[in-house]
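Close look at the chain arrangement
Read off the chains here:
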Amino acid sequence: MDLIDDSDKPVPLSQRAAAARPMPYLDGLNAAQRAAVEALDGPVLLLAGAGTGKTRALTTRIAHLLMLGKARPGQILAVTFTNKAAREMKDRIARLLGEVVEGMPWLGTFHSISVKILRRHAELIGNGTLHLKPSFTILDTDDQIRLLKQLIAAENLDEKRWPARQLAGLIDGWKNRCLTPPNLPKGDAASFDGWGGRLYAAYQERLLTLNAVDFGDLLMHCVTMFQAHPDVLKSWQDRFRYILVDEYQDTNVAQYMWLRLLAQAHRNICCVGDDDQSIYGWRGAEVGNILRFEKDFPGAQVIRLEQNYRSTPQILAAASGLIATNQGRLGKTLWTDAEPGEKVRLIGHWDSEAEARWIGEEIEAFHGGHRAAIGQVSLNDIAILVRASHQMRAFEDRFMTIGLPYRVIGGPRFYERAEIRDAMAYFRLVVSPADDLAFERIVNTPKRGLGDKALQTIQVVARQNGVSLLDGARIVVEEGHLGGKGLTNLRDFVTGIGRWHADAIDSTVSHVELAERLLDESGYTAMWQNDKSPDAPGRLDNLKELVKALEEFENLQGFLEHVALVMDRDDGEAGEQVSIMTLHAAKGLEFPLVFLPGWEDGLFPNQRAMDESGTKGLEEERRLAYVGITRAERLATISFAGNRRLYGQWQSSMPSRFIDELPADDVEVLTPPGLYGGGYGAAMAFAGASPGDAMYDRAAKADVYNSPGWKRMQARAVERKGPVHRTPVTINASPASSFTVGDRVIHPKFGEGEVMGMAEDTLTIQFEAGFKNIKAAYVQSVGIADDDVPF
DNA sequence: TACCGGGTTGTTTTT
DNA sequence: CAACCCGGTA
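Keep in mind it's a predicted model, so treat the numbers as computed, not measured.

Regarding the sheet that holds strand S2 (residues 76-80)
Paired through backbone hydrogen bonds, the strands of a sheet run either parallel or antiparallel to each other. Strand order in the open sheet made by the 6 strands is S3-S2-S6-S7-S1-S8, with parallel pairing throughout. Two strands lie at the open edges of the sheet, namely strand S3 (107-109) and strand S8 (301-305), each paired on one side alone. Across the sheet, the mean angle from the axis of one strand to that of its neighbour is 15 degrees, orientation sign disregarded. Across the sheet, helix H3 (residues 54-67) touches strand S1 (44-48), S2, strand S6 (242-245), strand S7 (269-273) and S8, and the angle it forms with S6 is around 170 degrees.

Remarks on helix H4 (residues 83-96)
End to end, H4 covers 20 Å across 14 residues, agreeing with the expected 20 Å (1.5 Å per residue, within 8%). Its buried side turned inward, H4 meets H3, S2, S3 and helix H26 (556-565). One or two positions beyond H4, positive phi appears at glycine 98, with a value near 65 degrees.

Here we look at the pairing of strand S15 (residues 649-652)
Pairing geometry for strand S14 (residues 632-646) and S15, over 4 bridges, is antiparallel. Bridge pairing in S15 links asparagine 643 to serine 652. Counting the residues between successive antiparallel strands, the hairpin from S14 to S15 contains 2 residues, one of them, tyrosine 647, with a positive phi of roughly 50 degrees.

So, the protein's contact with DNA strand C
The full set of residues close to DNA strand C is Arg393, Tyr647 and Gly648. Between arginine 393 and DNA strand C, the recorded distance is 3.4 Å, taken from a side-chain N or O atom to a phosphate oxygen.

Side note on the pattern of salt bridges
A full pass over the atoms with the stated rule returns 45 salt bridges. One salt bridge connects aspartate 143 with arginine 428, and the closest N-O pair in it is separated by 3.4 Å. Highlighted residues: aspartate 143 in helix H6 (residues 141-154) and arginine 428 in helix H18 (residues 418-431), separated in sequence by 285 residues. Note on arginine 428: relative accessible area 13%, which makes it buried. The partner of aspartate 238 in a salt bridge is lysine 234, and the shortest N-O contact between them spans 2.8 Å. Of this pair, aspartate 238 and lysine 234 are both found in helix H11 (residues 230-239), 4 residues apart, which corresponds to roughly one turn of the helix. Judged by its relative accessible area of 45%, aspartate 238 is partly exposed.

Here's the deal with the protein's contact with DNA strand B
The local shell around DNA strand B holds 26 residues, among which Arg387, Ser389, Arg413, Arg608 and Tyr647 are the closest. In the interface set of DNA strand B, defined as its atoms within 4 Å of the protein, sugar plus phosphate atoms amount to 53%. A distance of 3.4 Å separates a phosphate oxygen of DNA strand B from a polar atom in the side chain of asparagine 444. In the model, a phosphate oxygen of DNA strand B is placed 3.4 Å from a nitrogen or oxygen of the threonine 582 side chain. Elements supplying a minimum of two residues to the surface near DNA strand B: helix H20 (452-465) and helix H28 (607-630). Of the residues that constitute the surface near DNA strand B, the class distribution is 8 nonpolar, 10 polar and 8 charged.

As for helix H25 (residues 536-550)
The end-to-end C-alpha separation of H25 is 21 Å, in line with the 21 Å expected for 15 residues at 1.5 Å each. Those residues of H25 lying buried are Ala536, Leu540, Asn542, Leu543, Leu546, Val547, Ala549 and Leu550. On its buried face, H25 sits against H18, helix H23 (511-521), helix H24 (524-530) and H26.

What about the state of the cysteines?
Summed over the entire model, instances satisfying the criterion amount to 0 disulfides. Cysteine cysteine 222 shares no disulfide, and the gap to the nearest cysteine sulfur, in cysteine 178, comes to 9.6 Å.

Brief notes about the packing of aromatic side chains
For the coordinates displayed, the defined rule picks out 17 aromatic pairs. Both rings, one in tryptophan 236 and one in phenylalanine 240, keep their centres 5.7 Å apart while their planes meet at 35 degrees; by these two values the pair is tilted. Each member of the pair tryptophan 236 and phenylalanine 240 is classed as buried. Seen in terms of ring centroids, phenylalanine 604 and phenylalanine 658 are 5.4 Å apart; in terms of plane orientation they differ by 80 degrees. Their pairing is edge-to-face. Linking phenylalanine 604 in the loop between strand S13 (591-596) and H28 with phenylalanine 658 in helix H29 (residues 657-660), this pair joins segments that are 54 residues apart in sequence. Neither residue differs from the other here; phenylalanine 604 and phenylalanine 658 are each classed as buried. Joined through ring pairs, the aromatic side chains of Phe81, Phe110 and Trp258 make up one cluster. A cation sits over an aromatic face here: arginine 292 above tyrosine 256, 4.3 Å from the ring centre. Between arginine 371 and the ring centre of phenylalanine 366, over which it is positioned, the NZ or CZ distance is 5.1 Å.

Some thoughts on a negative patch on the surface
A contiguous patch of negative charge, built from Glu516, Asp520, Glu551 and Glu552, is present on the exposed surface. Counting through the fold element by element, aspartate 520 comes out in helix H23.

Side note on unusual backbone geometry
Cis geometry is found at the peptide bond from threonine 445 to proline 446, where omega equals 0 degrees. Looking at the element boundaries, proline 446 is found in the loop between helix H19 (436-442) and H20. With an omega of 10 degrees, the peptide bond running from phenylalanine 604 to proline 605 counts as cis. You can see proline 605 is positioned in the loop between S13 and H28. One non-glycine residue, asparagine 211, adopts positive backbone phi at about 55 degrees. With respect to the helices and strands, the residue asparagine 211 is situated in the loop between helix H9 (196-209) and strand S5 (212-213). For asparagine 211, a relative accessible area of 10% corresponds to the buried category.

Examining the pairing of S7
Where burial is concerned, most of S7 is hidden: 5 out of the 5 residues are buried. Burial along S7 is two-sided: Ile269, Cys271 and Gly273 facing one way and Cys270 and Val272 facing the other are all buried. Judged from the 4 bridges that link them, S1 and S7 form a sheet pairing that is parallel. In the strand pairing of S7, leucine 47 is matched with glycine 273. Assessed by its sense of winding, the connection that carries the chain from S6 through helix H12 (residues 253-263) to S7 is right-handed.

Notes on the confidence of the model for chain A
Per-chain confidence: chain A averages 82 in pLDDT, with 81% of residues scoring 70 or above. Within the model, pLDDT remains below 50 along residues 675-735, and this stretch shows 106 contacts once partners closer than five positions in the same chain are excluded. Across residues 783-791, where pLDDT falls below 50, the model places 13 contacts with residues more than four positions away in sequence or in other chains.

Section: the environment of alanine 338
Of note, alanine 338 is situated in the loop between helix H15 (313-323) and strand S9 (344-351). Using a relative accessible area of 34% as the deciding quantity, one classes alanine 338 as partly exposed. Separated by 25 residues in the primary sequence, alanine 338 and proline 313 have C-alpha atoms spaced 6.7 Å apart. For alanine 338, the residues in contact, after removing those within four places along its chain, are Ser311 and Pro313.

Cut-offs used in this document
- Residues numbered from 1 in each chain as written.
- Chains lettered and ligands numbered in written order.
- Predicted model: local features only at pLDDT ≥ 70, side-chain atom pairs only at ≥ 80, totals over all residues.
- Heavy atoms only, no water.
- Pairing = 2+ DSSP bridges.
- Helix = DSSP H or I, 4+ residues; strand = E, 2+ residues; numbered from the N terminus.
- Axes fitted to C-alpha atoms, helices over the stretch in contact; angles between N-to-C directions.
- Contact = heavy atoms within 4.5 Å.
- Expected span 1.5 Å × (residues − 1).
- Near = heavy atom within 4 Å.
- Polar contact = N/O pair within 3.5 Å; in protein donor to acceptor, adjacent residues only side chain to side chain.
- Salt bridge = Lys/Arg side-chain N within 4 Å of Asp/Glu carboxyl O.
- Buried < 20%, exposed > 50% of the residue type's maximum accessible area, 1.4 Å probe, protein only.
- Nonpolar A, V, L, I, M, F, W, Y, C, P; charged D, E, K, R; others polar.
- Disulfide = S-S within 2.5 Å.
- Phe/Tyr/Trp six-rings, centres within 6.5 Å; stacked < 30°, edge-to-face > 60°.
- Lys NZ or Arg CZ within 6 Å of the ring centre and 35° of its normal.
- Patch = residues over 30% accessible without salt bridge, like charges linked within 9 Å, V, L, I, M, F, W, Y side chains within 5 Å.
- Areas by Shrake-Rupley, 256 points an atom, 1.4 Å probe, with all protein chains shown as cover.
- Lys, Arg positive; Asp, Glu negative; His and termini not counted.
- Charge placed at Lys NZ, Arg CZ, Asp CG, Glu CD.
- Right-handed = clockwise from strand over helix to strand, strands pointing away.
- pLDDT = per-residue confidence, 0-100.

So, in structure tokens, the structure goes:
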């Protein structure tokens, strides 16, 4: 742990000598990258466009610092936003230096580094009477909400009118801006119907009594502590001789203050960012931070990385054309000398299911090597990037049925699952018996016959005696405040926790063994074993995985710490899989083939983003689109669906306005499979309207499609010569020719209908629900056995 | 106290 | 169309 305390020891000879050695890691850098690596002293702003070798520059810079002996690993502060990024940087530095350097103790996320700092000064955080102890726990969102609910209830407020979630959001926002309750502006304090400031203060106090902090506190406490204790600040300033910041465009006010405090003495700070990839404004990130860097650090060197090594010229051009619409950019001109590749592909679909089907087929074709221009592609090289996580479902469903292996990245997280959180609560309580939140979570899990009434009794007794809930429970047991089965069970529970706690302190008992015994003897494992719901086995597996994860840690405390901060699971490499993730999760990643579905106005750009933040919101959405396109190395495919299910209701929408903004020369418009040959009907179907739809009527009557984008779409579709798209490899395709107009057919979802028209392999059918365009393969003549309908 | 059923509610993105 | 929360009942 204390690698850092060697900071004032002299730099070892081996490293000094290194300065004289050749520095092979500098080879192959372009001029700008090299400048970024060698400008070690003083403030540097590195504007690094997508795919320009930003991480390489950053890691090489660190390697250079070490090799020149300018700093020891413990004297370099390197901050990232995600654990993934931190891990990658560590790996790459190790590779550059041939593993000669022990880990970098201060390379990590803002949050993980803040925890390390706070643990050393916990006692400085407080309100005069209460203060933190170094063993403070870190609450996750769930705990936070539960706590706020209690506080809201304590004020006798109706939870319906004052939702805890909303308050949590407000508090988060304040902490992002480093506003403590006393510093809260009047307007903010009056939010939440006037209760905001008061509840915030109550919440902060409650956290202190619980010896707990939430995520926002990690940053805010650091900053306030630095401000209140210049001597402490000084010691950290002295320690960190060089500061590097990744993804600087995503820093919020609190992080900005944090950095400025630490950097202001020596000003050896290097911030790397790309204003065009700022996509976290909604959680408080301030693009302004990057825009005003030069003002904050006068004399800063600004270095631009503009040569892109990732994507084809077409992909780059499409992305650049799109982002050019944004105002107020710092401005970069990305270029590449890569060979021309494929144009960005654009395709519209009838609905989200058709979109998922088509993408599934495309992926199979690429994977099978059936695309000459691209060649055979591993599934690992393919990603589907969506705007909102609910879009993932259509793909999961589809891929499940066709047996296409996929992995969801950043989906429901491992550590957020109920069984894991329960188990963790057991660990927490055993490690720190005063953890009341953990106690509340698990006293009655598994069921011990301890309901609201019992819990209330315990709370009252605990409060009267000024002790933790666990101790309160102990008193309740001793004094027999409770009757019957509940009492016996509570006694067992309390003595059990006591016993396990003793084991946790006893260093001769392995923590892994303790964890296993804990889950067994408490009856928690049994609870799931007796559960006959379909997901119970999976939960047991998760518990096993959890225990296995314990092995990599010294003790339970260490593990709990890790989990609180590293909420991501390192997904096991399980063969070839297509990746599905949100655009946000995709930042920093790259894939040869990228699918970008759901480009519809309202979904992307997201309606709420526009409603809440207007032009700013729209521009952030556009940056998100930019991030999406620039993830692709060889081929990007954008798609939209005319109809999508929202809240269980089908809803039609227009193609995204971003589609209009793509430079036409770099885009190839594909005709969706199975539509009419062309003309009016095709155009309608292309936009997702069909006879009977309100949209269709509107279009027929007026000029709904008079938007520039729509016109261009039509123009492009007509320009195209012949079908660009191959016939999809539909299973069991029954030719449309086997039907005639007037046939009665049956569809698995829409039921029975009548064929009203046909084109190629698509039928227009009148169902009860209205007219639909359906591929012939998906319907059956009425009366025919439906055993080969591909559903 | 536990369980069941109905009504309500919500979906942007996350350390 | 979920999932979740609440209230009523066994």
